[in-house]
Amino acid sequence: MDIFLQQIINGLVQGSIYALVALGYTMVYGIMGLINFAHGEVVMIGTLVTITVAGTLLKAGMPVALAGMAGLMAAVLVCMALGWALERVAYRPLRHAPRLTPLITAIGMSIVLQNLAMMLWGRNYMTFPSLLPKVDFELAGANFTAIQIIIVLVSAATMGGLLLLVYRTKLGMAMRATAQNPAVASLMGVNINRVIAAAFVIGSALGALAGVMVGTYYEIAHYQMGFMLGLKAFTAAVLGGIGNLAGAMLGGVLLGLIEALGAGYIGDLTGGFLGSHYQDIFAFVVLIVVLMFKPSGLFGEKTGDRA
Amino acid sequence: MLEVTGLHVAYGGIQAVRSITFHVNQGETVALIGANGAGKSSTLKAIARVIDAVGGDVHFCGEKISRIAPHDIIRKGIALVPEGRGVFPRLSVLENLEMGAYIRNATVEAKKDLKMVFDYFPRLKEREDQLAGTLSGGEQQMLAIGRALMSRPKMLLLDEPSMGLAPIMVQKIFEVVRAVAADGMTILLIEQNARLALQCSQRGYVMESGEISLHGDSAQLLDDPKVRAAYLGE
Ligand SMILES: Nc1ncnc2c1ncn2[C@@H]1O[C@H](COP(=O)(O)OP(=O)(O)OP(=O)(O)O)[C@@H](O)[C@H]1O
Ligand SMILES: [Mg+2]
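Counting of residues starts from 1 at the beginning of each chain's written sequence and follows it residue by residue. Chain labels run from A onward and ligand labels from 1 onward, assigned in the order the entries are written. At least 70 in pLDDT is required for a residue's local features to be given in this predicted model, at least 80 for side-chain atom pairs to be given and counted, and no such filter applies to totals for whole chains, interfaces and linings, which use all residues. The basis for every side-chain value is the complete set of heavy atoms in the structure, and neither hydrogens nor water enter the calculation.

(A) Focus on the overall build of chain A. Across its full length, chain A holds 11 helices and four strands. Sorting the 307 residues of chain A into buried and exposed places 53% on the buried side. Throughout, a residue-residue contact means that at least one pair of heavy atoms, one from each residue, lies within 4.5 Å. Here the analysis covers contacts within chain A between residues at least 6 apart in sequence; of these, 77% occur between residues at least 24 apart. Using a 1.4 Å probe, the Shrake-Rupley method yields the accessible areas, and only the shown protein chains count as cover for residues. Per element, the accessible surface of chain A, about 13600 Å² overall, is 71% carbon and sulfur. Within chain A, one finds 15 positive and 11 negative side-chain charges whose respective centroids are separated by 19 Å. A run of H or I in DSSP becomes a helix once it reaches four residues, and a run of E becomes a strand once it reaches two; helices and strands are each numbered from the N terminus. With a 1.4 Å probe rolled over the protein chains alone, any residue whose accessible area is under 20% of its type maximum counts as buried; one over 50% counts as exposed, and the rest are partly exposed. Only four residue types enter the tally: Lys and Arg on the positive side, Asp and Glu on the negative side, with His and both chain ends excluded. A charge is said to be at NZ when it belongs to Lys, at CZ for Arg, at CG for Asp and at CD for Glu.

(B) Examining the sheet that holds strand β10 (residues 211–217) of chain B more closely. All names here are of chain B. Pairing in this open sheet of six strands is mixed, and the strands run β6-β7-β8-β3-β9-β10 from one edge to the other. The sheet is open, and its two edges are formed by β6 (78–81) and β10, each paired on a single side. Neighbouring strand axes in the sheet, compared pairwise and without regard to direction, differ in orientation by 15° on average. What makes two strands pair is DSSP finding at least two bridges between them. Examined bridge by bridge, β6 and strand β7 (residues 155–159) share four bridges and lie parallel to one another. Paired with L80 across the two strands is L157, which belongs to β7. Only C-alpha atoms enter the line fits that serve as axes; for helices the fit covers just the stretch in contact. Angles between N-to-C directions range over 0 to 180 degrees.

(C) Structural view of the coordination of the magnesium ion (ligand 2). All names here are of chain B. Coordination sphere of the magnesium ion (ligand 2), protein contribution only: S41 (OG) and E83 (OE), at 1.9 to 2.4 Å. Of this pair, S41 sits in helix α1 (residues 40–47) while E83 sits in the loop between β6 and α3 (93–100), placing them 42 residues apart in sequence. By relative accessible area, which is 36% here, E83 ends up partly exposed. Each metal's donors are the N, O and S atoms found within 2.8 Å of it, except that Na, K and Ca use a 3.2 Å limit; water is left out, so coordination can look incomplete.

(D) View of the site of ligand 1. Residue and element names in this part refer to chain B. It suffices for a single heavy atom of a residue to lie within 4 Å of a molecule or strand for the residue to be listed as near it. Close contacts around ligand 1 come from 14 residues, with N36, K40, S41, S42 and E83 the closest. Whenever a nitrogen or oxygen atom comes within 3.5 Å of another N or O atom, the pair is scored as a polar contact, on the condition that within protein one atom can donate a hydrogen and the other can accept it, and that pairs from neighbouring residues in sequence are kept only if both atoms are in side chains. Separating an oxygen atom of ligand 1 from a side-chain N or O atom of E83 is a distance of 2.6 Å. Note that an oxygen atom of ligand 1 is positioned 3.0 Å from one of the side-chain N or O atoms of Q192. Those elements that provide at least two residues to the shell around ligand 1 are β2 (14–24) and α1. Of all the elements, α1 adds the most residues to the shell around ligand 1, at three residues. Residue polarity follows a fixed list, in which Ala, Val, Leu, Ile, Met, Phe, Trp, Tyr, Cys and Pro are nonpolar, Asp, Glu, Lys and Arg are charged, and the others, Gly among them, are polar. Residue composition of the shell around ligand 1, by class: five nonpolar, six polar and three charged.

(E) Broad picture of the packing of helix α2 (residues 39–59) of chain A against helix α8 (residues 192–218) of chain A. All names here are of chain A. For the pair α2 and α8, interaxial distance at closest approach is 7 Å and the crossing angle is 55°. When the axes of α2 and α8 are compared, the pair comes out oblique. Seen along the crossing, α2 lies across α8 with a hand that is right-handed. On α8, the residues touching H39, V42, V43, T47 and T50 of α2 are G203, S204, G207, A210, G211, V212 and G215. Partitioning the contact of α2 with α8 into residue classes produces four nonpolar, eight polar and no charged. Angular relationships are summarised with four words: roughly parallel below 35 degrees, roughly antiparallel beyond 145, roughly perpendicular across 65 to 115, and oblique for the angles in between. The handedness criterion is simple: a crossing whose near helix is rotated anticlockwise from the far helix by less than a right angle is left-handed, and one whose near helix is rotated clockwise is right-handed.

Written out as structure tokens, the structure is:
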């Protein structure tokens, strides 16, 4: 029982992070049908920027809370700028190119960003500064930390805010209209370029937040960390139905839970043949199963719906 | 009010519109008729900057608009109701109408216009919370016209509002088009239903393989033997 509850908690935390990253994939896909494979690298850069900024400020004697906030702000701003630049430089010129072209460009951008990060931050693992107090709680035999609670709460609040933005504001309505029919949205006076840029910028801000959470949670970072995280978040987006916001949120949490429970029980299930370090296979089993049996995902719209 | 000079549209090697020249005066309803593939929609799309023209100029209220950004056309006062209606299927009827008023900030004024649209099309009022994609074709056409009116345009471009609709629905739509015109709107109306279009317009142009082959008063065109043979099925 306690291992079950423990893994549920771990899964929720990891799942909240996947959900935030998955939203970046799904927003861009929803609006322009592009899978921005460089999104995982944007998250990674968010983590590394926080290490540099918060770490430097801490060394200079700034209080932890302030240094942490500054690190987060810096990550969000840098990632927003990066998302904007990616769209502007890499994807906009290919708006009318065949679908494969921007996909290859996305993979190329991902490699470029990884190498850039390697040049700036080096090849070694870096420790993430402790920005949050380490307080432990116990509940029915399971342990969890203040950090875990904060991650889940902040993710939930951020996602709520995103839903408000998309469903209750004029920009949100313009985004939904553009996703459904860009040519007509433009006839209504919507500047399509701005709306697409907004999707990239907002998705990148969410990614930066997720990057800071990953750093705080695992306390370690590396220039290649964006690859696996990005792939899993992409899986979460596909699981929920890519292009669908609620789907990305649900898909993220579900994937986190599947992974955590899978890792918790894989030893028992295989008679000790496979250990919990095989947890990564679950994400990809999920991806393959979804693509085989329900490629439109849980909340997927019929693909024909896209204008 | 609208002056089109030497407008030329091509898709790769296909010449869809070959240097056509025509105009629409303020307060007029002008019909542009022609067979399938004559280039009518291409003409409208080029005017509304949905596609780039290869050559020619478009002036509106004395201002050249043939090079401005597509999303600025509506700010000049031109609203296009596209072929196939182009409603946003997963927005509600009300949200579609709000998108029509996207360029405007005055919410009070927009509320008034919403009432005007609902007066023209009571059916939309009944369905304001329904997703536009679940409306019937005729209701979608109403919505597309209502949405265009929400921007308070100086001129409406209508691309085949009768397409695919039952005769009774066509009648309803054209009643409103006439009413809107009677309220002073300038309209460029594209139709394959030539009789209908000529009946509710003052002047008409006939398009054939990308060129204007005939033009004149609508009443005269309705009597023209060539038009009667080719477009009125007589
Ligand atoms: N996107 C496109 N790509 C290539 N050719 C096109 C495209 N759109 C239109 N055409 C061609 O341009 C010509 C004019 O088309 P257009 O849609 O303007 O005709 P239309 O008069 O509106 O016809 P309809 O009454 O069927 O709507 C046609 O030969 C058509 O095949
Ligand atoms: Mg047409």
